[in-house]
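The lines below spell out each chain.
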Amino acid sequence: MRRPLIAGNWKLHKVCDEAVDFARELLDAVGSKTEVDVMVAPTFTSLFPVCQTLKSSPISVGAQDIFWESKGAWTGEISAEMIASTGATHVIIGHSERRQFFGETDETVNKKLKAALSCDLTPLVCIGETDEERSTGKTFDVLKGQIKGAFEGLSPDELAPVVLAYEPVWAIGTGNTATPEMVQEVHAFLRQFVAEFTQKDLANGMRILYGGSVKSGNIAELMALEDVDGALVGGASLEVESFKGIVRYN
Ligand code: PGA
């Protein structure tokens, strides 16, 4: 049984005070017990105070990125150990905005994934095709390549905590959610491919989230799909009301 995860990616939004206030309001709104796992990913600068605010609550906290080295002369970078030391338990890796604007590759995703796992952070590995890749029939090859690249050199046991997030690039921040048919088709394919590439049990237990213009109005139909185990939410996670609606599927 895969317990669903609803994760909010705040991207470049909310200074410390806003992040802490939001975390408090969210906790009041979703209550001390949730039907699903809930995670929020503030900016690095708000990780510690948000973790303090959500300590002993059902809401987990994650970072939006990570660096693969543990220490050294790497100005501006943040290691897995540093993220874990804030109280954060999750980390988003390979988000399409990192791939598009900051030179993230399958190889760096792989290094980051290994770093996250070595510090017991739960990684949310993001994959997804662009508009052009979909229209030229490359979707499945692109996704296969991203999975192979990300999982390279890791055993099924090591991969057990991994959460996969399928986020078609053309659906992120555009209001163009993929249709339920498209989402189920891709998620079923991903589970099948992970089974072939690693192990069937691992694939059956792996949570595969959908991301890309998820909102309270479309979450229920997405969650009803057999291979959708939650959502990675950007824009609609920035307001308590809309995120609450997603966490409750209404
Ligand atoms: P969106 O972003 O919900 O605003 O489309 C999703 C994401 O980037 O994870």
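Coordinates for the structure precede this section.
Thresholds, definitions, all that
- Residues numbered from 1 in each chain as written.
- Predicted model: local features only at pLDDT ≥ 70, side-chain atom pairs only at ≥ 80, totals over all residues.
- Heavy atoms only, no water.
- Near = heavy atom within 4 Å.
- Polar contact = N/O pair within 3.5 Å; in protein donor to acceptor, adjacent residues only side chain to side chain.
- Areas by Shrake-Rupley, 256 points an atom, 1.4 Å probe, with all protein chains shown as cover.
- Nonpolar A, V, L, I, M, F, W, Y, C, P; charged D, E, K, R; others polar.
- Helix = DSSP H or I, 4+ residues; strand = E, 2+ residues; numbered from the N terminus.
- Contact = heavy atoms within 4.5 Å.
- Buried < 20%, exposed > 50% of the residue type's maximum accessible area, 1.4 Å probe, protein only.
- Pairing = 2+ DSSP bridges.
- Right-handed = clockwise from strand over helix to strand, strands pointing away.
- Salt bridge = Lys/Arg side-chain N within 4 Å of Asp/Glu carboxyl O.

Caption draft 1: Quick look at the site of the ligand. Surveying the vicinity of the ligand reveals 13 residues, the closest of which are Lys11, His95, Glu167, Gly173 and Ser213. Within the side chain of Glu167, one N or O atom sits 2.6 Å away from an oxygen atom of the ligand. Backbone polar atom of Gly234 to an oxygen atom of the ligand: 2.8 Å apart, as the coordinates give it. For the ligand, whose free accessible area comes to 280 Å², the fraction covered by protein is 95%. For the shell around the ligand, the per-class residue count stands at four nonpolar, seven polar and two charged.

Caption draft 2: View of the environment of Trp74. Structurally, Trp74 can be placed in the loop between strand S3 (59–63) and helix H3 (80–85). As a C-alpha pair, Trp74 and Val125 span 51 residues in sequence and 23 Å in three-dimensional space. Leave out the neighbours within four places in its chain, and Trp74 touches Phe67 and Glu69.

Caption draft 3: Expanded view of the side chain of Ser237. With respect to the secondary-structure elements, Ser237 resides in the loop between strand S8 (230–233) and helix H12 (240–247). One polar contact links the side chain of Ser237 to the main-chain carbonyl oxygen of Val233, over a distance of 3.2 Å. When sequence neighbours within four positions are dropped, the list of residues in contact with Ser237 reads Gly8, Asn9, Trp10, Phe22 and Phe243.

Caption draft 4: Summary view of the pairing of strand S4 (residues 90–93). Burial along S4 is two-sided: the face carrying His90 and Ile92 and the face carrying Val91 and Ile93 are both buried. In this sheet, S4 lies alongside S3 in parallel orientation, the contact comprising two bridges. In the sheet register, Gly62 faces S4, and the bridge partner there is His90. With H3 bridging S3 and the parallel S4, this β-α-β connection has right-handed handedness.

Caption draft 5: Expanded view of the pattern of salt bridges. Under the defined criterion, the tally for this structure stands at 13 salt bridges. Salt-bridge contacts for Lys112 lead to Asp65; the nearest nitrogen and oxygen are separated by 2.9 Å. Taken together, the positions of Lys112 in helix H5 (residues 106–118) and Asp65 in the loop between S3 and H3 put the pair 47 residues apart, joining distant regions of the chain. Between Glu104 and Lys112 there is a salt bridge, and its shortest N-O distance comes to 3.1 Å. Accessibility expressed as a relative area gives 8% for Glu104, which makes it buried. Connected via shared salt-bridge partners are Arg2, Arg191, Asp227 and Asp229.

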